[in-house]
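One letter stands for each residue in the lines below.
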Amino acid sequence: LVGFSLINIVWFETRSLILRQDTDVVSAEDFSDVSKEPRACPNIYYIILDGYVGNDVLTKSLDYDNSSFLEQLAQRGFFVADQSRSNYWKTLLSLPSSMNFDYLDDLAKRVGIESGDKKPLREHLANNRVFSFLKRYGYSTVAFASGFRWSELRDADVYMSEGVWSLNDFSGELVYNTPIAALIELFTNQSFQHILHRRRVLYSFEHLPDTLQMQPPIFVFAHIVCPHSPFVFDQTGRPAGPVRSPADYPEMYVRQLKYVNKRVTELVDELFANSAQRPIIILQADHGLRWKLNRDEPKKNTPRIYKECFSILNAYYLPDYDYSQLYNSISPVNTFRVIFNHYFGAEFELVKDESYFSTKALPYNFINVTAELNKELK
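Described below are features of the structure shown in this document. Each chain carries its own residue numbering, running from 1 in the written order of its sequence. Where totals are concerned, whole chains, interfaces and linings use all residues; where local detail is concerned, this predicted model gives features only for residues with pLDDT of at least 70, and gives and counts side-chain atom pairs only at 80 or more. The basis for every side-chain value is the complete set of heavy atoms in the structure, and neither hydrogens nor water enter the calculation.

## Looking at the environment of Ser 329
We count it as follows: The way it works is that DSSP assigns letters per residue, a run of H or I at least four long becomes a helix, a run of E at least two long becomes a strand, and they are numbered from the N terminus. Any two residues whose heavy atoms approach within 4.5 Å at even a single point are treated as in contact.
Within the fold, Ser 329 resides in the loop between β7 (314-317) and α13 (335-344). As for Ser 329 and Gln 83, which are separated by 246 residues in sequence, their C-alpha atoms are 4.6 Å apart. If sequence neighbours within four positions are ignored, Ser 329 has contacts with Gln 83, Ser 84 and Asp 353.

Put into structure tokens, the structure is as follows:
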């Protein structure tokens, strides 16, 4: 039995290695056509709030109006793209796309649309074009532990985590199946996994301002897995109660989102108050709500379900308040095209804002669902 498993493992890993050797690593020389005289080199904060859905869906599907929070952002000088959608339906696809400011079609061609190997996606994110572009201008890169192993950018110049408490989802699951987790739950009356998740989220919010002590310019990548489940906060930040049934999800999601709103406004105010030069801040979700999404059979997903899945929070603060290149329906694939064009004299053409679905088994076999989303708008 072990022998048969080893044969399959070796075959899969060997094939994956061959495919990954064909994946190009981006270097600064790839941007030789870009101006070497940027307008400014402010610190850049790219804060991904996982699963933060747009207000249109919050209002229609969850009966919660998030306008108050969006107005607070606008009062602080943010541009809120209130019709924004994610380009892909899951983090594993969204972040490699946004951090390379391009769709994943070329990667899919190299790997093969029949492949289920997710490692090329992780490497595409690790060797991303945003880091490479900014290093040309002397930026240092900072990444925060997310607990989601596919978005851990440990090769950043500075990797910030809480040590043992920053176990990722895989390591945390291993510990969860040991007596250690049982003992922790016995004495705290909380799930070990939920304790880990709370600490990771809180660590990011509490220590993002620490980056202000670093030598500028810096690019900060913070993937905060919240308000996405698990639901570990109520609206005041206290531990949330257990989810007793799927009917509890909407209310618990909204409570957790309210707490995230509070921490985000506090964070923004602290970054503004203590920055020698106002930073660029991007608050962006990687996808929306997926509770009703059928991940294996696309034909069972309605335009309404796709709308819930792809609608996202997407807000930008630019220090010079020049939002002429931004627009309400901008999607993550164009985020850094606009930023780099505006501040660094780049000439990246904007691409169409489209949304793609693929099944769990075939992540590279993309289906364009933009038309379906547009139907729901009508």
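## Focus: the pattern of salt bridges
Threshold: By salt bridge we mean one thing: a side-chain nitrogen of Lys or Arg within 4 Å of a carboxyl oxygen of Asp or Glu. A simple rule labels every residue: compare its accessible area, found with a 1.4 Å probe on the protein chains alone, to the largest value its type can have, and call it buried under 20%, exposed over 50%, or partly exposed in between.
Enumeration according to the criterion identifies 13 salt bridges in this entry. A salt bridge links Arg 337 to Asp 102; the shortest N-O distance between them is 3.7 Å. Highlighted residues: Arg 337 in helix α13 and Asp 102 in the loop between α4 (91-99) and α5 (105-111), separated in sequence by 235 residues. Note on Arg 337: relative accessible area 8%, which makes it buried.

## Remarks on the pairing of strand β3 (residues 140-144)
Filter applied, for reference: When DSSP locates at least two bridges between a pair of strands, those strands are taken to pair.
In terms of residue burial, β3 counts as a mostly covered element, since 4 of its 5 residues are buried. Across 4 bridges, β3 lies against strand β5 (residues 218-224) in parallel orientation. The residue of β5 that forms the bridge with Ser 140 is Ile 218. Relative to strand β4 (residues 158-160), β3 runs parallel, the two being bridged by 3 bridges. From the neighbouring strand, Ala 143 faces β4, where its bridge partner is Tyr 159.

## Section: α4
The buried fraction of α4 amounts to 9 of the 9 residues, a majority that puts the element mostly inside the structure. Along α4, the residues that are buried comprise Thr 91, Leu 92, Leu 93, Ser 94, Leu 95, Pro 96, Ser 97, Ser 98 and Met 99. In this structure, the buried side of α4 is in contact with β1 (44-49), α6 (119-126), α7 (129-135), β5, β6 (280-284) and α13. Following α4 by one or two positions, Phe 101 adopts a phi angle in the positive range, close to 35°.

## Looking at the sheet that holds β4
Note: strands within a sheet are paired through backbone hydrogen bonds, in either parallel or antiparallel orientation. Spatially, β2-β7-β6-β1-β5-β3-β4 is the arrangement adopted by the 7 strands of the open sheet, whose pairing is mixed. Because the sheet does not close on itself, it has two edges, and the strands there are β2 (79-80) and β4. The pairing of β1 with β5 spans 6 bridges and is classified as parallel. Bridged to Ile 44 within β5 is Phe 219.

## Details of the packing of α4 against α6
Here is the rule: Geometry is summarised by axes, namely lines fitted to C-alpha atoms with helices restricted to the contacting stretch, and by angles between N-to-C directions that run from 0 to 180 degrees. Crossing handedness is defined as follows: a turn of the near helix away from the far one that is anticlockwise and smaller than a right angle gives a left-handed crossing, while the clockwise case is right-handed.
At their nearest, the axes of α4 and α6 sit 8 Å apart, and the two run at 35° to each other. For the pair α4 and α6, the sense of crossing is left-handed. In contact with Leu 92, Leu 93, Leu 95, Pro 96 and Met 99 of α4, α6 contributes Leu 121, His 124 and Leu 125.

## Looking at unusual backbone geometry
The omega angle of the peptide bond from Cys 226 to Pro 227 is 15°, so this bond is cis rather than trans. Structurally, the position occupied by Pro 227 is in the loop between β5 and α11 (249-274). Residue Pro 230 is bonded to the preceding Ser 229 through a cis peptide linkage, with omega at 10°. By the element assignment, Pro 230 lies in the loop between β5 and α11.

## A look at the nonpolar core
Here is the rule we go by: By convention a nonpolar core is built from buried Ala, Val, Leu, Ile, Met, Phe, Trp, Tyr and Cys residues, the set being connected through side-chain atoms within 4.5 Å.
Membership of the largest hydrophobic core comes to 84 residues, with the highest contact counts inside it found for Phe 219 and Phe 340. For this core, the leading source of residues is α11, giving 11 residues. Non-local contacts of Phe 219, meaning those with residues more than four positions away in its chain, are made with Ile 44, Tyr 46, Met 99, Val 130, Phe 131, Leu 134, Tyr 139, Ser 140, Thr 141, Val 142 and Phe 336. Judged by nonpolar contacts, the second largest core, of 23 residues, contains Tyr 88, Leu 93, Val 111 and Leu 293.

## Some details on the packing of aromatic side chains
The cut-off we apply is this: Between the rings of Phe, Tyr and Trp (Trp by its six-membered ring), a pair exists once the centres lie within 6.5 Å; its type follows the angle of the planes, with under 30 degrees stacked, over 60 edge-to-face, and the other angles tilted. Whether a charge sits over a ring depends on NZ of Lys or CZ of Arg being within 6 Å of the ring centre and within 35 degrees of the ring normal.
In total, this model carries 33 aromatic pairs according to the counting rule given. When the ring of Tyr 88 is compared with that of Tyr 103, the centres are 6.4 Å apart and the planes differ by 65°; the resulting orientation is edge-to-face. Of this pair, Tyr 88 sits in the loop between β2 and α4 while Tyr 103 sits in the loop between α4 and α5; the two residues are 15 residues apart in sequence, bridging distant segments of the chain. Taking the relative accessible area as the measure of exposure, Tyr 88 reaches 0% and is therefore buried. For the pair Trp 89 and Phe 357, a centre-to-centre distance of 5.4 Å together with 40° between the ring planes defines the contact as tilted. Note that Trp 89 is positioned in the loop between β2 and α4 and Phe 357 in strand β8 (residues 356-357), a separation of 268 residues in sequence. Of the two residues, Trp 89 and Phe 357, both sit in the buried class. Its guanidinium or amino end placed over the ring of Trp 150, Arg 122 lies 5.8 Å from that ring's centre, counting from NZ or CZ. The ring of Phe 272 has Arg 278 lying over it, and the distance from NZ or CZ to the ring centre is 4.0 Å.

## Notes on the pairing of β1
The element β1 is largely enclosed, with a buried count of 6 among its 6 residues. Taking every second residue as pointing to the same face, both faces of β1 are buried, with Ile 44, Tyr 46 and Ile 48 on one and Tyr 45, Ile 47 and Leu 49 on the other. Across 5 bridges, the pairing between β1 and β6 is parallel. Bridged to Ile 48 within β6 is Gln 284.

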